[in-house]
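Residues per chain, in single letters:
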Amino acid sequence: MWHFVGYRVLQAIPVLLVVITVTFFLVRIAPGGPFDSEKAVIPEVQAALEAQYRLNLTLWQQYTAYLGDLSRGDLGPSFKYPGRSVNELIAAGFPVTAELGFYALLVALFIGGAAGIIASLRPNTAQDYVPMSAAMIGICMPSFLLGPMLILVFGIYLDWLPVSGWGDSPGDKILPSITLGSAYAAYIARLSRAGMLEVLSQDYIRTARAKGLPEWQVVLKHALRGGLLPVVAFLGPAFAGLLSGSFVVETIFQIPGLGRFYVQAAFNRDYTMILGSTVFLATLIVLFNLLSDILAAWMNPRLRAQYGER
Amino acid sequence: MRLSVLHFLWILIASLSLLACSSGESNVVQGNRDGILHFGNGTEPQGLDPHVVTGIPESHIVGALFEGLAVKNPYTLESEPGVAQRWDVSADGLTITFHLNPAARWSNGDPMTAQDYVWSWQRALSPAMGNQNAYMLYSIENAEAFATGKLDDFNAVGVKALDDHTLQVRLNTPTPYFIQLMDHQSTFAVHRPTIEKFGVATDRFTPWTRVENIVGNGAFRLTDWQLNRRIVVQKSDTYWDRERVQLNGIVFYPTENISSEERMFRVGQLHYTQSVPLDKIPVYRAMQNSPYMNAPYLGTYFYLFNTNKPPLDDVRVRQALAMAVDRERLNNTVLHGSNIPAYSITPPGTLGYQPPRVFDYDVQRARQLLAEAGYPDGAGWPGLELAYNTSESHLKIAVALQQMWKDALNIDVTLANQEWKVYLDSVDQMNFQMARRGWIGDYVDPNSFLDLFLCGGGNNNTGFCDPRYDELLKRQAPRATSREERYAIFREAETLLMEQMPILPIYTYTSNHLIHPGVQGMPSNLMDAVNFKHVALDKNWKAAE
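About the cut-offs
- Residues numbered from 1 in each chain as written.
- Chains lettered and ligands numbered in written order.
- Predicted model: local features only at pLDDT ≥ 70, side-chain atom pairs only at ≥ 80, totals over all residues.
- Heavy atoms only, no water.
- Helix = DSSP H or I, 4+ residues; strand = E, 2+ residues; numbered from the N terminus.
- Buried < 20%, exposed > 50% of the residue type's maximum accessible area, 1.4 Å probe, protein only.
- Contact = heavy atoms within 4.5 Å.
- Areas by Shrake-Rupley, 256 points an atom, 1.4 Å probe, with all protein chains shown as cover.
- pLDDT = per-residue confidence, 0-100.
- Buried area = accessible area lost by both parts, 1.4 Å probe.
- Salt bridge = Lys/Arg side-chain N within 4 Å of Asp/Glu carboxyl O.
- Polar contact = N/O pair within 3.5 Å; in protein donor to acceptor, adjacent residues only side chain to side chain.
- Patch = residues over 30% accessible without salt bridge, like charges linked within 9 Å, V, L, I, M, F, W, Y side chains within 5 Å.
- Pairing = 2+ DSSP bridges.
- Core = buried A, V, L, I, M, F, W, Y, C linked by side-chain atoms within 4.5 Å.
- 1 Å grid on protein atoms, 1.4 Å probe; cavity = no way out; pocket = protein on both sides within 12 Å on 5 of 7 lines; lining within 4 Å.
- Points joined across faces, edges and corners; volume = space filled by probe spheres on them.
- Nonpolar A, V, L, I, M, F, W, Y, C, P; charged D, E, K, R; others polar.
- Axes fitted to C-alpha atoms, helices over the stretch in contact; angles between N-to-C directions.
- Parallel < 35°, antiparallel > 145°, perpendicular 65-115°, else oblique.
- Left-handed = near helix turned anticlockwise from the far one by under 90°.
- Disulfide = S-S within 2.5 Å.
- Phe/Tyr/Trp six-rings, centres within 6.5 Å; stacked < 30°, edge-to-face > 60°.
- Right-handed = clockwise from strand over helix to strand, strands pointing away.

## Points about the overall build of chain A
Scanning chain A from N- to C-terminus turns up 14 helices and 0 strands. Order of helices (α) and strands (β) in chain A, N terminus to C terminus: α-α-α-α-α-α-α-α-α-α-α-α-α-α. Dimensions of chain A, computed from C-alpha atoms along their principal axes, come out at roughly 85 × 60 × 30 Å. The 310 residues of chain A split such that 47% are buried. By sequence separation, contacts in chain A at least 24 residues apart represent 71% of the contacts at least 6 residues apart. When the accessible area of chain A is evaluated, it comes to approximately 14400 Å², of which 68% is carbon and sulfur surface.

Laid out in structure tokens, this is it:
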């Protein structure tokens, strides 16, 4: 097992280096710069601004200087928000995005898992079709449509829940979590249905039933652990996706998360912010993939066996 | 199994409705009672340093925390006393003496002095500061030379503190709008000891504007700043005119999604929105006692012609394109009647100035001009590309004009959608044939628009260059002795400009806001200027619904 973990960690280092390098040079290729604005900037001002951000050095010098700062954990000053460091912006936005992602994942797991399991118990009947069609709609419905619809119904017509904000008034976390989670709920429903169907046809389930166990015990105790394996493998990438993909939901609900900073940074050519958040999110994604692999290995005895453990 | 799912759903619904009961009264109702204004402010401010920030959202907050020598009356836009009690302009218009109010204080209690201004303007003009608005002070003697590094000694710049409360400014040429500029953040004074506590004067990165550090001189002081969430200011108890300040505080919200902003307004989270979604305008127009506020704004939406590139190097082609556009129809359909058709670069009625009307919507004349230029009924037309930055409304306007040109002149224009920074780069490099553009005046004076098209001007971007035009604006207008004479010179220059047609004016901007009926003292005006000192909330306002 440790062998497996160590191997994966070592794999992550070159991946991150490539991410940093590619991002660093890609953002520079994009036309336009951080100080372009609708009003022309006089050359002296432009030069002063560039010097303050080391843009007057050669690209290679900037790159090595950036790697040096990065090794000390310093992501540099933001271009768009003078006086704020990228570290500070990430520290302000990430906890919000992580909390939103976590709730969204709970929503996705609960709705998706329940729909998938219910569907798998009576395949190809109404009990299968209804939840799975709902799941299909969930995949197809983009959050920029679902979000405003939920707001319209629960926020404006029924006046039950706040239409925006995060932690400002009671209940304002509910709609964003549902909006963000529902797309993933659909994936999880399909994955858990497939996983459960496969497991329910296995010999050991027949054995369990033959022992005379009640159906709910067969499903919950024996089938579930194996049946949800594909879901667990999906959790890491899903959480990473929730973190980096929450921009739309954050914008609709005015949530002060990292996603908004990240996407705006690209529009603003805020070089350090683009790089900083990319490196940060890439690290997280690598980490979550690793965690979900470890979890999957723990849940799947066959995989564990591969790495010489029992 | 099934039962437990049902149980859970039931609990979920029950807890949802419980939450709903506890949500209580809205921001607006609470705010009216406590004197707190909830202000939709567009975007998260870049920062709060008056010599660093450039945007409109920033100017609202900075304007609450700081005050200039003179401020604008929101009803008349005339300058009225700010930190300066009064000011004298010498007979030749070249020397302005500001007399500072001895009661003016910084928020930490320090008195405000003329030396504060000398130091602050040196900071604002220092090349190392990288202040993108430094040009606001260029009418001061030698200020431009200092800002561009040609002059190192600030003592040679025309700003002097005669004593603690007298500031003398010498100008290059008479500049009638100079007093107006005293209300712009780049001319504000900043608190020297606070800034120097955190670094050198010109360091853009210090934390001096954070809640715990900032010292201002405005009617409000900063009490809370949560990134992308809210900025809260409270009435200042050191402000010289605090008796007149009626609000107890303001909450600024970064509302960059205008649909979300409109929803926040609808449920009573905001008193005021920065804008209104285009498709909601007819809905709000139709309402009785509508909160919708629409007023002319000091800005023009136009297309740039690159006069160096064929076929636009021919003035007849430029005129044909301009005359073939039915601006009234565009405004009434695509823009829901929310703007004002424009036939000149200067918005009509800027402090009494009426721009000349050089051309009209005239398809016959347009066809004739195009034929004279060698493209009768579009024959032999080499094609033309229009660049615009990504936005639904720019796209809609471009498509409408494309169709009008096709119908009227039988010519094809292709549309090139560009991401914002790419578009800025194209415009700056003049790497386009025709490009969308908007310009908002810095001050209420025709000069703010007309000086764009001086030879080689940084924002000219058309290749237009006419010595007579430059002569009128740079030599004659400053020497004019009366407003009438000055405006006559501007009219001559603008006529010249519109005959050469390096730009295609489309519409005059309007400001669009939703404003709660309980808000007083926020009238619409040409600059869309808000002076929070004048704002009050009706305590007795009750929701009619």
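Still more to cover.
## Focus: the confidence of the model for chain A
Confidence in the prediction of chain A, expressed as mean pLDDT, is 86, and 96% of residues score 70 or more. At the level of individual helices and strands, chain A shows its lowest average pLDDT in helix H14 (residues 301–306) of chain A, which scores 66, and its highest in helix H3 (residues 59–71) of chain A, which scores 92.

## Brief notes about the interface of chain B and chain A
Taken together, the contacts link 56 residues of chain B with 59 residues of chain A. Taken together, both faces of the contact between chain B and chain A bury some 5100 Å²; the carbon and sulfur share is 57%. Area buried by chain B at its contact with chain A is led by Phe205(B), Leu227(B) and Lys421(B), which between them contribute 14% of it. For the pair chain B and chain A, the number of links is 5 salt bridges. Where Arg210(B) meets Glu88(A), a salt bridge forms, and the shortest distance between an N and an O atom there is 3.0 Å. Counting every contact that joins chain B to chain A gives 15 residue pairs in polar contact (both at pLDDT 80 or more). Of all elements in the fold, only helix H1 (2–21), helix H8 (258–266), helix H14 (420–428) and strand E15 (434–440) of chain B reach the threshold of two or more residues within the side of chain B that touches chain A.

## Describing a nonpolar patch on the surface
A cluster of nonpolar side chains, namely Val18(A), Val22(A), Leu26(A) and Ile29(A), defines an oily patch on the protein surface of about 400 Å² accessible area. Tracing the chain through its elements places Val18(A) in helix H1 (residues 2–29).

## Notes on the sheet that holds strand E12 (residues 340–341) of chain B
In spatial order, the strands read E12-E16-E11-E15-E13-E14 (chain B); together these 6 strands make up an open sheet with mixed pairing. The sheet is open, and its two edges are formed by E12 and strand E14 (413–418) of chain B, each paired on a single side.

## Observations concerning the nonpolar core
One finds Leu37(B), Phe220(B), Ile250(B), Phe252(B) and Phe532(B) to be the most contacted residues of the largest nonpolar core, which totals 96 residues. In terms of residues, this core owes the most to one element, helix H4 (residues 86–121) of chain A, which gives 9 residues. Other than its neighbours up to four places away in sequence, Phe220(B) contacts Ala64(B), Leu65(B), Val233(B), Gln234(B), Lys235(B), Ser236(B), Val245(B), Leu247(B), Gly249(B), Ile250(B) and Phe532(B). Core analysis: the second largest hydrophobic core is formed by 78 residues, Leu312(B), Ala373(B), Trp405(B) and Leu473(B) among them.

## Some details on helix H12 (residues 258–268) of chain A
Taken as a whole, H12(A) has its buried residues at Leu258(A), Gly259(A), Arg260(A), Phe261(A), Gln264(A), Ala265(A) and Asn268(A). In the segment just after H12(A), Arg269(A) is the residue with positive phi, at about 55°.

## Thoughts on empty space enclosed by the protein
Summed over all chains, the structure comprises 4 cavities of 30 Å³ or more. Here the largest cavity defines a volume of roughly 110 Å³. When its residues are assigned to classes, the lining of the second largest cavity shows 6 nonpolar, 2 polar and 1 charged.

## What to know about the packing of H1(A) against H3(A)
All names here are of chain A. Where H1 meets H3, the axes come as close as 11 Å, and the angle between the chain directions of the two elements is 135°. Between H1 and H3, the interaxial angle falls into the category oblique. Here H1 runs over H3; the crossing is right-handed. Of H3, the residues touching H1 (which contributes Ile20, Thr21, Phe24, Phe25 and Arg28) are Leu59, Gln62, Tyr63, Tyr66, Leu67 and Leu70. Of the residues that constitute the contact of H1 with H3, the class distribution is 8 nonpolar, 2 polar and 1 charged.

## A short note on the state of the cysteines
Residues and elements named next belong to chain B. Under the criterion given, the structure shown has 1 disulfide over all chains. Between the sulfur atoms of Cys455 and its disulfide partner Cys465 the distance amounts to 2.0 Å. Between Cys455 and Cys465, the S-S dihedral sits near 90°, and the bridge is therefore right-handed. Of this pair, Cys455 sits in the loop between helix H15 (447–450) and helix H16 (467–479) while Cys465 sits in the loop between H15 and H16; the two residues are 10 residues apart in sequence, bridging distant segments of the chain.

## Section: the environment of Pro341(B)
All names here are of chain B. Tracing the sequence through the fold places Pro341 in strand E12. C-alpha of Pro341 to C-alpha of Glu328: the two residues are 13 residues apart in sequence and 6.1 Å apart in space. Once you skip the residues sitting within four places of it in the chain, Pro341 turns out to touch Arg327, Glu328, Asn331, Ile506 and Tyr507.

## Describing the packing of aromatic side chains
All names here are of chain B. Applying the stated criterion to the full structure yields 38 aromatic pairs over all chains. Where Tyr301 meets Tyr507, the ring centres are 4.6 Å apart and the plane angle is 5°; that geometry is what we call stacked. Of this pair, Tyr301 sits in strand E11 (residues 292–305) while Tyr507 sits in strand E16 (residues 503–514); the two residues are 206 residues apart in sequence, bridging distant segments of the chain. Given the relative accessible area of 1%, Tyr301 is considered buried. The buried category is assigned to Tyr507, whose relative accessible area is 8%.

## Topic: the pairing of strand E13 (residues 384–389) of chain B
Residue and element names in this part refer to chain B. Most of E13 sits inside the fold, with 5 of its 6 residues counted as buried. Across 6 bridges, the pairing between E13 and E14 is parallel. Across the sheet, residue Ala387 finds its bridge partner in E14, namely Ala416. Handedness of the crossover joining E13 and E14 through helix H13 (residues 392–409) is recorded here as right-handed. Summarising the sheet, E13 and E15 pair through 2 bridges and their orientation is parallel. Paired with Ala387 across the two strands is Ala435, which belongs to E15.

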